[in-house]
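Chains, contacts and geometry: an overview
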Amino acid sequence: MSCPALRRVSLRRVSTRSLPKPCQLVTAVAALTTLSASAAQPTVEYALGLKPRQQVEYDIPDSGAAAAATLSMEKTAAMTSWVVRGADGTLLRRFADTNNDRVVDHWSYYRNGMEVYRDIDSDYNAKPDQARWLGAAGSRWGIDANEDDRLDSWKVLSAEEATAEIVAALRDRDAERFLRLLPSADDLSAAGFDGSLLQQIVGRVQAAKRDFAALAQRQQSLTPQVNWTAMLAGLPGVVPQGSDGVTRDVIAYDNVVALTESGGQGGGQVFVGSLIRCGQVWRPIDLPQLPDSGGVVTEAFALFSPRSSAATVPSAVVANEKLKPMMDQLRVLESKLETANASERSQLVGQQVAVLEEVVEAAVPEEREFWLRQLAETLAAAAQEGTLSDGIEQLERLAASLPEDDPLKAFLAFRLASARYASRMLPPEADVEEVQAAWLAELAEFVEDYPEAEDAAEAMLQISIADEFSGRETEALQRYQAIAQRYPDSPSAAKARGAARRLQSVGQPLDLTGTTVDGKQLSLSQFKGVPVLVHYWATWCEPCKVDMARIRELQERYGRQKLAVVGIALDGDTGALQQFLAARPLPWPQLHESEGLDGRLAEELGVLTLPTMLLLDKDGVVVDRNLMVTDLEKRLDEQINR
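The following refers to the structure shown. (Residues numbered from 1 in each chain as written. Predicted model: local features only at pLDDT ≥ 70, side-chain atom pairs only at ≥ 80, totals over all residues. Heavy atoms only, no water.)

Let's shift gears to the nonpolar core. Among the nonpolar cores identified, the biggest contains 64 residues, and Phe 193, Ile 201 and Ile 276 are the most heavily contacted of them. Here this core takes nine residues from helix H7 (residues 195-218), the largest share from any one element. (Core = buried A, V, L, I, M, F, W, Y, C linked by side-chain atoms within 4.5 Å. Buried < 20%, exposed > 50% of the residue type's maximum accessible area, 1.4 Å probe, protein only. Helix = DSSP H or I, 4+ residues; strand = E, 2+ residues; numbered from the N terminus.)

In structure tokens form, the structure reads like this:
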């Protein structure tokens, strides 16, 4: 079984606002302080009772799951830890000594086996002074210099998280929380501001510092039930070095809006204004604004919106002004789609399509093609997911409305073929072979009708993949080679060249090189003298994990002196991979580059599905390029015992 696409899993989330008192955490440290096998072991119940210093969503097992959990000491080269695992081995907590003084200095909390939060004792006095949110919980990194459980400053804070902090500060009437976001004059100078512009911004920051507490006290719209949901903004801009008042490139957002919602009671907005990147922290420079009853806010300072003295406004700008309300609607819908259930998604996608149709009508001619493509992509995705029952019909009507010589005809034809295939595969009773045959025939017709289209190479690649995995390897090889020759600069060509190399690799020496997840250079040639198993995988590929269990078992049986294993992790998210490996360590090296299935490590051999395994003999020559886990033991025996 292979993994052609990413799979997502919905997890139980538990949020805590009840933080431990300092004395509670010191007591907890005392219970977990001596990290040695001879020390009295704390209980699972006690370990699970420890709580993060700051608010975060993490897994809290119910009483049954807690009773089945285990607590054990684990040692690695980097640290010694007390580790709590669920009955299935999933990581729940890790309390680690990272400097070998036998005292806990990292308290880690997990969700679905991935670390989402860590309290850190960086000065090794048994009291946390830093807080890090990790993985899906975000990227915040706060400093608690006086160790009183309240953050004093930020070391890392994304723009999105900065707007969430502003909403929370207003909601909770917490002026201190807002003030630690504001930049100092030194922060602004280091960011690149100088002269009168620096003084102007410093003045705005001082006004925000002065007026926030009064604003928070009088506001009535952000009740305790309100939560931040998303940040609305265009692309960040750059004020280049050499501009008036700027000594180095300044990166900033203008006209930022934070979206909020209140437990199904509808959404709201907080106008943030400009955000400036100061090192690794994004900071506001103005007092936030809450729209009045008419939804109006006063004009704010902006770095990228100079006043125009022209008497007339160009028609293109007028048209863009017409699009702004629609852009806001699309951003809100996109935010809601991220957390919507199936029935809600259907309704939201329908609204999204309706807004996009309005955008197409309102767009100026030079922008219309872009928005038509967006509409087509949205309809195609909805049809493939089954969230829009008439998605294909709408795509067909859109295609029929275009002139025959319109370049978008080819664009729509390819998406129609893909949408029809996916929608026909949705019913449980679908005849897979029949559906696949119809799809491949439609792709072949597309290539014949639109040989120069931008999607022609991808259509040929899909046909080639079907040929290869149906055993028609000669036809697949010829088509891979044709793609590389006819469309040499397309993304599909790189994959096709690699796939052709892989199909012809048996009997040929193979030397892949790259960087491991721990930053070391690795080459297959360094393992000459023993057979090498190369395993392409990703954390989202469940069959890959079945392979790993079998590979681990066989390597333990044969020993590393007789069998080398090299993993090639094709995750696009390096952080998720590192967390996976921390929770489930593997005893063989892992090559990784963040481009995943679209990167060099996959393209060199045209790896198109996961898992993929290759076996090299003691001389580094490929003996099997498509090894299945069911044949693994037999093929390894042949190489190791020959």
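Now for helix H10 (residues 365-385). Across its 21 residues, H10 extends 31 Å between first and last C-alpha, which sits within 8% of the 30 Å expected from 1.5 Å per residue. Here H10 has its buried residues at Trp 371, Leu 372, Arg 373, Leu 375, Ala 376, Thr 378, Leu 379, Ala 380, Ala 382 and Ala 383. The first or second residue beyond H10 is Gly 386, which carries a positive phi of 80°. (Expected span 1.5 Å × (residues − 1).)

Spatial ordering of the open sheet is given by S20-S19-S18-S21-S22, a layout of five strands whose pairing is mixed. Edge strands, defined here as strands with exactly one partner in the open sheet, are strand S20 (590-592) and strand S22 (622-624). Within the sheet, the average angular offset between the axes of one strand and its neighbour, ignoring direction, is 30°. The pairing of strand S18 (residues 532-537) with strand S21 (residues 612-616) spans five bridges and is antiparallel. Residue pairing for S21: Tyr 536 is matched across the bridge by Thr 612. (Pairing = 2+ DSSP bridges. Axes fitted to C-alpha atoms, helices over the stretch in contact; angles between N-to-C directions.)

Further remarks concern the packing of aromatic side chains. In this structure the tally under the stated criterion is twelve aromatic pairs. Ring plane angle 80° and centroid distance 6.3 Å describe the contact between Phe 95 and Tyr 109, whose orientation is recorded as edge-to-face. Pair noted here: Phe 95 is in strand S5 (residues 91-97) and Tyr 109 is in strand S6 (residues 106-111), with a separation of 14 residues, a long-range link. Assessed through its relative accessible area of 0%, Tyr 109 is described here as buried. Ring geometry for Tyr 117 against Trp 133: centres 5.3 Å apart, planes inclined by 75°, an arrangement best described as edge-to-face. (Phe/Tyr/Trp six-rings, centres within 6.5 Å; stacked < 30°, edge-to-face > 60°.)

Next up on the list: the packing of helix H9 (residues 342-362) against H10. At a closest axis distance of 9 Å, the pairing of H9 and H10 adopts a crossing angle of 160°. The angle between H9 and H10 falls in the class roughly antiparallel. By crossing handedness, the relation of H9 to H10 is classed as left-handed. Between H9 and H10, the residues in contact are Arg 345, Val 349, Gln 352, Val 353, Leu 356, Glu 357, Val 359 and Val 360 and Arg 368, Trp 371, Leu 372, Gln 374, Leu 375, Thr 378, Leu 379, Ala 382 and Glu 385, respectively. For the contact of H9 with H10, the per-class residue count stands at ten nonpolar, three polar and four charged. (Parallel < 35°, antiparallel > 145°, perpendicular 65-115°, else oblique. Left-handed = near helix turned anticlockwise from the far one by under 90°. Contact = heavy atoms within 4.5 Å. Nonpolar A, V, L, I, M, F, W, Y, C, P; charged D, E, K, R; others polar.)

The next thing to look at is the pattern of salt bridges. All chains considered together, the criterion is met by 35 salt bridges. Between Glu 74 and Arg 85 there is a salt bridge whose closest N-O contact spans 3.0 Å. Here Glu 74 is found in strand S3 (residues 70-75), whereas its partner Arg 85 is found in strand S4 (residues 80-85), with eleven residues between them in sequence. Relative accessible area serves as the criterion here: at 22%, Glu 74 is assigned to the partly exposed category. One salt bridge connects Arg 550 with Glu 553, and the closest N-O pair in it is separated by 2.6 Å. Of the two residues, Arg 550 and Glu 553 both sit in helix H17 (residues 542-558), three residues apart, roughly one turn of that helix. Each member of the salt-bridge network shares a partner with another, and the members are Arg 140, Glu 161, Glu 165, Arg 171, Asp 172 and Arg 177. (Salt bridge = Lys/Arg side-chain N within 4 Å of Asp/Glu carboxyl O.)

Moving on, we come to unusual backbone geometry. Look at the link from Leu 610 to Pro 611: it is a cis peptide, with omega at -5°. Along the chain, Pro 611 falls in the loop between helix H19 (600-603) and S21. The phi dihedral of Glu 147 is positive, around 55°, even though this residue is not glycine. Within the fold, Glu 147 resides in the loop between strand S9 (141-143) and strand S10 (153-156). Judged by its relative accessible area of 15%, Glu 147 falls in the buried class.

A complete count under the given rule lists one disulfide for this structure. Through a disulfide, Cys 541 is tied to Cys 544; the S-S separation comes to 2.4 Å. Residues Cys 541 and Cys 544 share a disulfide whose torsion about the S-S bond is about 85°; that sign makes it right-handed. Of the two residues, Cys 541 and Cys 544, neither departs from the other in class, the shared state being buried. (Disulfide = S-S within 2.5 Å.)

With that settled, the discussion passes to the packing of helix H13 (residues 432-449) against helix H14 (residues 456-469). Put simply, H13 and H14 touch, their axes get as near as 9 Å, and they point 145° apart. Crossing of H13 against H14: the hand is left-handed. Listed contacts from H14 to Gln 436, Trp 439, Leu 440, Leu 443, Ala 444, Phe 446 and Val 447 of H13 are Ala 456, Ala 459, Met 460, Gln 462, Ile 463 and Ala 466. Its residues assigned to classes, the contact of H13 with H14 shows eleven nonpolar, two polar and no charged.

The next point concerns the environment of Ala 576. Here Ala 576 is to be found in helix H18 (residues 574-583). Residues Ala 576 and Thr 539, 37 residues apart in the sequence, show an inter-C-alpha distance of 7.9 Å.

With respect to the helices and strands, Asp 129 occurs in the loop between strand S7 (114-120) and strand S8 (130-133). Here Asp 129 occupies a buried position and makes no salt bridge, while the nearest side chain of opposite charge, Arg 53, is found at 9.0 Å. A distance of 3.4 Å separates a polar atom in the side chain of Asp 129 from the backbone nitrogen of Asp 123. If sequence neighbours within four positions are ignored, Asp 129 has contacts with Ile 120, Asp 121, Ser 122, Asp 123, Gly 142, Ile 143, Asp 144, Ala 145 and Glu 147. (Lys, Arg positive; Asp, Glu negative; His and termini not counted. Polar contact = N/O pair within 3.5 Å; in protein donor to acceptor, adjacent residues only side chain to side chain.)

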